[in-house]
2 protein chains.
Amino acid sequence: MIQIAVMGHGVVGSGVTEILLSHGDEIAKKVQEEIYIKKVLDLREFPDSPIADRFTKSFEDIINDDDIKIVVEVMGGINPAYDFVKRCLQNGKSVVTSNKELVAVKGAELLQIAEDNNLNFLFEASVGGGIPIIRPLNQCLAANTVNEIDGILNGTTNFILTKMIREAMSFEDALKLAQNLGYAERNPAADVEGHDACRKICILASLIFGKHVYPDVVHTEGITKITLKDVEYAEAWGGVIKLIGSVKLTDGKQEIMVAPMFIKNTCQLANVDDVFNAILVKGDSTGEVVFYGKGAGKLPTASAVVADVMDCVNHIEQRRNIYWEDSDNRDILPFEETKYAMYVLVNTDDKEETIAKAEKLFDEIDVIEKPDAGTSELAFVTPVMKYSDFEKAFAQLPDSSIQTVSTIRIAAL
Amino acid sequence: MIQIAVMGHGVVGSGVTEILLSHGDEIAKKVQEEIYIKKVLDLREFPDSPIADRFTKSFEDIINDDDIKIVVEVMGGINPAYDFVKRCLQNGKSVVTSNKELVAVKGAELLQIAEDNNLNFLFEASVGGGIPIIRPLNQCLAANTVNEIDGILNGTTNFILTKMIREAMSFEDALKLAQNLGYAERNPAADVEGHDACRKICILASLIFGKHVYPDVVHTEGITKITLKDVEYAEAWGGVIKLIGSVKLTDGKQEIMVAPMFIKNTCQLANVDDVFNAILVKGDSTGEVVFYGKGAGKLPTASAVVADVMDCVNHIEQRRNIYWEDSDNRDILPFEETKYAMYVLVNTDDKEETIAKAEKLFDEIDVIEKPDAGTSELAFVTPVMKYSDFEKAFAQLPDSSIQTVSTIRIAAL
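Residues numbered from 1 in each chain as written. Chains lettered and ligands numbered in written order. Predicted model: local features only at pLDDT ≥ 70, side-chain atom pairs only at ≥ 80, totals over all residues. Heavy atoms only, no water.

### Considering the side chain of Asn 158 of chain A
Residue and element names in this part refer to chain A. Heads up, the condition is: Numbering of helices and strands runs from the N terminus; a helix is a DSSP stretch of H or I covering at least four residues, while a strand is a stretch of E covering at least two. In protein, a polar contact means a hydrogen-donor-capable atom and an acceptor-capable atom, both N or O and within 3.5 Å, with residues adjacent in sequence counting only if both atoms are side-chain atoms; elsewhere, any N or O pair within 3.5 Å suffices. Should any heavy atoms of two residues lie within 4.5 Å, those residues are considered in contact.
In this structure, Asn 158 sits in helix 7 (residues 155-167). Within the structure, Asn 158 has its side chain in polar contact with the side chain of Lys 242 (distance 3.1 Å). The residues touching Asn 158, leaving out its near neighbours within four places in the chain, are Ile 152, Lys 242, Val 272, Asp 273, Asp 274 and Phe 276.

Structure follows, in structure tokens:
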């Protein structure tokens, strides 16, 4: 029998205990050990839980219990999760977490402590919820050099964009609907401003490059400025707008970014709708591989946590080989130097003149024809260019007769 | 240093040596051991190989070499692969294979020998080529009860169907093109008759149910009878025709089958084109998860083999927990009892009368309207019904004025 503790009894935590209790026999058969939840840490009380007698409000009950070999951290946030996880790893307990903020901000340090103590620190559930991605990247694709990952990593924003694309709902209405359905928080900033997706792409980037990429060095844009007009022009162009977390290695530099992007309908990410997530991985041997599923939610996320716990049980003596080193992030290409083609929407009194001016500024442009376009609207796509060059040219575009409205990157997918 | 042997230097085998030689340093860093190819078994000669001096024509050179701890079997077929693999496992050598026929036909026996000898028998590359699927099913989704898997498991047939769907090419022309491009063998039966897909769904079914499912008990249909007319009616119905390997558990019975099926355009499998494969897994906690990528090819498949070798190196002392027991396949539902809605195409002198007759026979039907349908064509979809009931009703449909043309299952996806 292996004894574990679960820190946090919120959405994911209650799912973890639910799965361990409901699937206990099958899980025990698979790992050839019974997994026993000895303690659950939460400040709230849950008298109706079938294991109500094992709840505690004190972390000391867990850290001081030498029988507890694995601790599940599903509290979220940095404090006190960071302190608790560190102390667990320093005291002989392996840790499984679903906490993407913790892994994105403190991953290198915690992985080092785990290695120093020959313990496991696993976090499959931190990216993609129930979608297997960390372990496939680390093991199944281990014989590949992975040079690029592009993903729809946040279900809330994907739900909002899907409503805008499929039902012509405005951003504000779609956000309200997402909040009513429980997909978005009352303060939706972490989702709609791209921070959640940023943490996830940082974890994936750290894993494939073996060096920690910190969220604060990653250029991050959300979807709050996307309008229905942009969505319509994306359709006229032959695609959709998705919030993409992207990382790739070019000439030894990491290009990493979170931003809404136009993607072609033929791309495997284009049909990923609603709260689903999908992650496209490019390996030098496998080519494109895509992982698709529910990126969040109680049971999908909890099942990934429990799978990590089972892996810890299978490797209670021998560490899983998962690690990245700390980094000063000097390998990150400044986002001004990243290269994308850009979609530009302007209002103009004279389309022909504006097209001529844009062609001068951007070398050449592809005008997007939309049958019901307003008479003053002009949308076009620039060539692939350095963002700093785009900005310079773009600044010269507006005048008394031209007002710029939107700019969005075109994904190179 | 870990010494290995590679049996077979064909497409996959040469890819395995290529990856181990070209990615040797990175791989050694990841598994903290150098992996050294001591012997390559092939009856042919490869004087230009950088490791030409390590080739042998005798299996005895491998089986009698106690330094060789891991043997890669990429010869294909049952003989002599089965005998060689068995002897390796009986003589203290872990085995990694990409041989789906071997695993589908002899998996239970070989897994038992591996378990008895505390060795690994791994076969990630046997299904889905470079797509991670065996390990994710066995580990990442281990906390789930997986009740259903549906997959596009054969790249050759998917290429042919894609050409028929996207370019209105006939089956015969698409097959010829596939042969010219090297995607199909000169004798294409194993692919186009569904046998290859059958072996793969058997492996997946064995894995999720823990009991061996043998290919000869699985109802298997190929795509040779699919016509462009069927493809057009599928489009009019709102979908495409794909060759689907499907297994699900219903009331303790396994429904397993390989057959061409209509699938809706909204299904994640509908946009899987060309030689790509995709596998949709339904877990009770995760919901739908889809794995997409290249299902065959030298480097994708070889990279999956090498990842398994790396896993063996990481678990040289401790067995990976992958196992299913032998079975008499009594749990398999006879295919006559499986339930599907059916697409039916007939030629008729009198559409109204035929519709009335079909409504009587099948209770109710949905007629598929196709703008350019021939005046004598009638296509409809039946309700979901037991196949034996469908057959009974269908036999009563034709008469002097009605000739039946095609029947194809509608996937319940």
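### Points about the sheet that holds strand 2 (residues 35-41) of chain A
All names here are of chain A. What counts is decided by this rule: A strand pair is defined by DSSP finding two or more bridges across the two strands. For helices, the fitted line uses only the C-alpha atoms of the stretch in contact; every axis is such a line through C-alpha atoms, and the angle between N-to-C directions lies from 0 to 180 degrees.
Judged by pairing direction, the sheet is parallel, and its 6 strands sit side by side in the order 3-2-1-4-5-6 without closing on themselves. Bordering the open sheet on either side are strand 3 (55-56) and strand 6 (121-122), each of which pairs with just one other strand. Pairing of strand 5 (residues 94-97) with strand 6 involves 2 bridges; the strand directions are parallel. Its bridge partner lying in strand 6, Val 95 is registered against Phe 121. Running over the sheet, helix 4 (residues 81-90) touches strand 1 (2-7), strand 2, strand 4 (68-73), strand 5 and strand 6 and is turned about 150° from strand 5.

### Concerning the pattern of salt bridges
Residue and element names in this part refer to chain A. Defined as follows: We count a salt bridge whenever a side-chain nitrogen from Lys or Arg sits within 4 Å of a carboxyl oxygen from Asp or Glu. Relative accessible area decides the class of each residue, using a 1.4 Å probe on protein chains only: under 20% of the type maximum gives buried, over 50% gives exposed, and in between gives partly exposed.
All told, the structure shown has 50 salt bridges over all chains when counted by the stated rule. Of the charged contacts in the structure, one is a salt bridge between Glu 45 and Lys 57, with a shortest N-O distance of 2.5 Å. Placement of Glu 45 in the loop between strand 2 and strand 3 and of Lys 57 in the loop between strand 3 and helix 3 (60-63) is noted, with a sequence separation of 12 residues between them. The exposure class assigned to Glu 45 is exposed, which follows from its relative accessible area of 60%. Close ionic contact of Glu 221 with Arg 409 constitutes a salt bridge, the shortest N to O distance being 3.0 Å.

### What about helix 4 of chain A?
For clarity, the cut-off: By definition, the arc is the one covered by directions from the helix axis to the C-beta atoms.
Turning to helix 4 of chain A, its buried residues are Ala 81, Tyr 82, Phe 84, Val 85, Cys 88 and Leu 89 of chain A. In an axial view of helix 4 of chain A, the angular spread of the buried residues amounts to 165°, which keeps them on one side of the axis.

### A closer look at the interface of chain A and chain B
Interface size is often expressed as the accessible area that is lost when the parts come together. The cut-off we apply is this: Once two parts are joined, some of their accessible surface, as seen by a 1.4 Å probe, is lost; buried area is that loss totalled over both. Each residue is assigned to one class: nonpolar for Ala, Val, Leu, Ile, Met, Phe, Trp, Tyr, Cys and Pro, charged for Asp, Glu, Lys and Arg, and polar for all the others, Gly among them.
At the junction of the two partners, chain A supplies 44 residues and chain B supplies 44 residues. Approximately 3700 Å² of surface area, both sides summed, lies buried where chain A meets chain B, with 48% of it carried by carbon and sulfur atoms. The largest per-residue losses of area from chain A upon contact with chain B belong to Cys 140, Ala 143 and Tyr 292 of chain A, which jointly make up 16% of the total buried on that side. The tally of links between chain A and chain B comes to 0 salt bridges. Where chain A packs against chain B, one counts 19 residue pairs in polar contact (both at pLDDT 80 or more). Put simply, the parts of the chain that give the side of chain A that touches chain B at least two residues each are helix 2 (24-31), helix 6 (134-140), strand 12 (287-294) and helix 12 (298-314) of chain A. For the side of chain A that touches chain B, the class distribution of residues is 18 nonpolar, 17 polar and 9 charged. Taken together, the 3 bridges between strand 12 of chain A and strand 12 (residues 287-294) of chain B define a ladder with antiparallel strand orientation. Bridging across to strand 12 of chain B, Val 290 of chain A finds its partner in Tyr 292 of chain B.

### Brief notes about unusual backbone geometry
Residue and element names in this part refer to chain A. Here the residue pair Asn 79 and Pro 80 is connected by a cis peptide bond, since its omega of 5° sits within 30 degrees of zero. Tracing the backbone through its elements, the reader meets Pro 80 in the loop between strand 4 and helix 4. Although it is not a glycine, Ala 168 sits at a positive phi angle of roughly 55°. Within the secondary structure layout, Ala 168 lies in the loop between helix 7 and helix 8 (171-180). A positive phi angle, close to 50°, is found at Asp 251, a residue other than glycine. Overall, the relative accessible area of 77% leaves Asp 251 in the exposed class.

### Comments concerning the packing of aromatic side chains
Residues and elements named next belong to chain A. Going by this rule: Between 30 and 60 degrees the pair is tilted, below 30 it is stacked and above 60 it is edge-to-face, where a pair is any two Phe, Tyr or Trp rings, Trp via its six-membered ring, whose centres lie within 6.5 Å.
Tallying each qualifying case throughout the model produces 29 aromatic pairs over all chains. Pairing Phe 46 with Phe 55 gives two aromatic rings, centres 5.5 Å apart and planes at 40°, and the pair type is tilted. Centre to centre, the rings of Phe 362 and Phe 380 are 5.8 Å apart; their planes meet at 55°, and the pair counts as tilted. With a gap of 18 residues between them, Phe 362 in helix 13 (residues 351-362) and Phe 380 in strand 15 (residues 377-381) connect regions that are remote in the sequence.

### Topic: the pairing of strand 11 (residues 276-283) of chain A
Residue and element names in this part refer to chain A. Within strand 11, 7 of the 8 residues are buried, leaving the element largely enclosed by the surrounding structure. Relative to strand 11, strand 7 (residues 146-152) runs antiparallel, the two sharing 6 bridges. When the sheet's bridge partners are listed, Glu 148 is paired in strand 11 with Lys 282. As paired elements, strand 11 and strand 12 share 8 bridges and run antiparallel to each other. The partner of Asn 277 across the bridge, within strand 12, is Gly 293. In this structure, the hairpin formed by strand 11 and strand 12 is closed by a connection of 3 residues.

### Structural notes on the pairing of strand 5 (residues 94-97) of chain B
All names here are of chain B. Which entries qualify depends on this criterion: Handedness rule for crossovers: strands pointing away from the viewer, path from the first strand over the helix to the second running clockwise, crossover right-handed.
Along strand 5, one buried face is formed by Ser 94 and Val 96 and the opposite face, lined by Val 95 and Thr 97, is buried too. In this sheet, strand 5 lies alongside strand 4 (residues 68-73) in parallel orientation, the contact comprising 4 bridges. Along strand 5, the bridge assignment pairs Glu 73 with Thr 97. Following the backbone out of strand 4, through helix 4 (residues 81-90) and into the adjacent parallel strand 5, one traces a crossover that is right-handed. For the crossover that starts at strand 5, traverses helix 5 (residues 100-116) and ends in the parallel strand 6 (residues 121-122), the hand is right-handed.

### Here's the deal with empty space enclosed by the protein
Residues and elements named next belong to chain B. Our working definition: Buriedness of a pocket was judged along seven lines, with at least five required to meet protein on both sides within 12 Å; pockets are open sets of points on a 1 Å grid over the protein atoms alone, cavities are sets where a 1.4 Å probe fits but cannot get out, and lining residues have an atom within 4 Å of a point. Grid points are joined across faces, edges and corners, and a volume is the space filled by probe spheres set on the points.
Summed over all chains, the structure comprises 7 cavities of 30 Å³ or more. Reported here for the largest cavity is a volume of approximately 90 Å³. As for the largest cavity, its lining consists of Leu 122, Phe 123, Glu 124, Ile 134, Arg 135, Asn 138, Gln 139, Asp 308, Asp 311, Arg 320 and Ile 322. Contributing elements (two or more residues each) for the lining of the largest cavity: helix 6 (134-140) and helix 12 (298-314). Among the elements that line the lining of the largest cavity, the one with the most residues is helix 6, at 4 residues. Per-class residue counts for the lining of the largest cavity are 4 nonpolar, 2 polar and 5 charged.

### Let's talk about the relation of the copies chain A and chain B
The two chain copies are related to each other by a rotation about an axis together with a translation along it. Heads up, the condition is: Superposition of the copies used a least-squares fit over C-alpha atoms from residues whose pLDDT is at least 70 in both.
With an RMSD of 0.0 Å, chain A superimposes on chain B once it is rotated by 180° and translated 0.0 Å along the axis. The transformation relating the two chain copies, once decomposed into turn and shift, fits a two-fold axis. No C-alpha of chain A lies nearer the rotation axis than that of Phe 291 of chain A, which sits 2.5 Å from it. In this assembly the copies share their binding face: 100% of the residues contributing to the interface of chain A also contribute to that of chain B.

### A look at the packing of helix 4 of chain A against helix 5 (residues 100-116) of chain A
Residues and elements named next belong to chain A. Applicable threshold: These descriptions rest on fixed angle ranges, namely under 35 degrees for roughly parallel, over 145 for roughly antiparallel, 65 to 115 for roughly perpendicular, and the rest for oblique. A crossing counts as left-handed when the near helix is turned anticlockwise from the far one by less than a right angle, and as right-handed when that turn is clockwise.
Packing of helix 4 against helix 5 leaves a shortest axis separation of 10 Å and a crossing angle of 15°. It follows from the interaxial angle that helix 4 and helix 5 lie roughly parallel. In the packing of helix 4 onto helix 5, the handedness of the crossing is right-handed. Here helix 4 contributes Ala 81, Tyr 82, Val 85, Lys 86, Leu 89 and Gln 90 to the contact with helix 5, which in turn contributes Leu 102, Lys 106, Glu 109, Leu 110, Ile 113 and Ala 114. Among the residues forming the contact of helix 4 with helix 5, the class breakdown is 8 nonpolar, 1 polar and 3 charged.

### Side note on the sheet that holds strand 2 (residues 35-41) of chain B
All names here are of chain B. Strand order in the open sheet formed by 6 strands is 3-2-1-4-5-6, with parallel pairing between adjacent strands. Looking at strand neighbours, the two that pair on one side only are strand 3 (55-56) and strand 6, the edges of this open sheet. Examined bridge by bridge, strand 1 (residues 2-7) and strand 4 share 5 bridges and lie parallel to one another. Along strand 4, the bridge assignment pairs Gln 3 with Ile 68.

### Some words on the packing of helix 2 of chain A against helix 12 of chain A
In a packed pair of helices, the relevant descriptors are the angle between the two axes and the axis-to-axis distance. All names here are of chain A. Two elements in contact, helix 2 and helix 12, have axes whose closest approach is 10 Å; the angle formed by their N-to-C orientations is 35°. Between helix 2 and helix 12 lies a crossing of right-handed hand. The segment helix 2 lies against helix 12, with Ile 27, Lys 30 and Val 31 engaging Val 306, Met 310, Val 313 and Asn 314. Classifying every residue of the contact of helix 2 with helix 12 by side-chain character gives 5 nonpolar, 1 polar and 1 charged.

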